[in-house]
Amino acid sequence: MILIISTTGLGIYLSGKSKQKIIICRDLISLCDGLLLDLNYKITPAGELIESIVESRKLESLKFIGKNCLIRQKKIDSPLSDSDNKEVSSFLFMFGKSDVETQKKLVSNFRENINISLKKYTDKHSKDSKLYITFGLFSGLIVSIIWS
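Residues numbered from 1 in each chain as written. Predicted model: local features only at pLDDT ≥ 70, side-chain atom pairs only at ≥ 80, totals over all residues. Heavy atoms only, no water.

Caption draft 1: Summary view of the overall build of the chain. A count of helices and strands for the chain gives 5 helices and 0 strands. Reading the helices (α) and strands (β) of the chain from amino to carboxyl end gives α-α-α-α-α. Out of the 148 residues belonging to the chain, those deemed buried represent 39%. Residue pairs at least 24 apart in sequence account for 66% of intrachain contacts in the chain once pairs closer than 6 positions are excluded. When the accessible surface of the chain is summed, it comes to about 9000 Å², and 62% of that surface belongs to carbon and sulfur atoms. (Helix = DSSP H or I, 4+ residues; strand = E, 2+ residues; numbered from the N terminus. Buried < 20%, exposed > 50% of the residue type's maximum accessible area, 1.4 Å probe, protein only. Contact = heavy atoms within 4.5 Å. Areas by Shrake-Rupley, 256 points an atom, 1.4 Å probe, with all protein chains shown as cover.)

As structure tokens, then:
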């Protein structure tokens, strides 16, 4: 019985990791929306702007972003794929280092890429999340039957 519960728990854990990628992408899109809004009207310094958007919009999944990401290109450690983490790192490093119009284009392009990633993660999650849980349950049942 413990084996069945633990393998089912593993399936639920994997499903939750998949969901976390979706949450991070949505929060990155919200960050981009805030950046574009500010670039259109205020032009706040980059470090302060990113931190204030993360705090004010309660983007908890983006706590890995800080001012130090803007100063030097830092390896991002998040549940996203390696290529998406590199893209986030490059975006943060490049943000705030050019004129307003170029920054708007940078933010818009990054937002577009994150939208593509969001769709990819959403499709994968909707397809695989039930599979993770079912596979965990049935693998526990099979191992239990074999050991019985």
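Let us keep going from here.
Caption draft 2: Broad picture of unusual backbone geometry. Positive phi outside glycine occurs at Ile-43, with the angle close to 65 degrees. Its place among the elements puts Ile-43 in the loop between α1 (2-41) and α2 (46-56). Residue classification places Ile-43 among the partly exposed positions, given a relative accessible area of 48%. Unlike most non-glycine residues, Lys-58 shows phi in positive territory, near 55 degrees. Here Lys-58 is to be found in the loop between α2 and α3 (68-71).

Caption draft 3: Structural context of a nonpolar patch on the surface. Judged by side-chain polarity, Ile-142, Ile-146 and Trp-147 come together as a nonpolar surface patch covering roughly 420 Å² of accessible area. Within the fold, Ile-146 resides in helix α5 (residues 100-147). (Patch = residues over 30% accessible without salt bridge, like charges linked within 9 Å, V, L, I, M, F, W, Y side chains within 5 Å. Salt bridge = Lys/Arg side-chain N within 4 Å of Asp/Glu carboxyl O.)

Caption draft 4: Geometry of the pattern of salt bridges. With the rule as written, the count across this model stands at 3 salt bridges. Linking Lys-104 and Glu-101 is a salt bridge whose minimum nitrogen-to-oxygen distance equals 3.4 Å. Here the residue Lys-104 and the residue Glu-101 both occupy positions in helix α5, the gap between them amounting to 3 residues, near one helical turn. Here Asp-123 makes a salt bridge to Lys-119, at a shortest N to O gap of 3.2 Å. One end of the pair, Asp-123, and the other, Lys-119, are both in helix α5, 4 residues apart, so they sit about a helical turn from each other. What makes Lys-119 exposed here is its relative accessible area of 52%.

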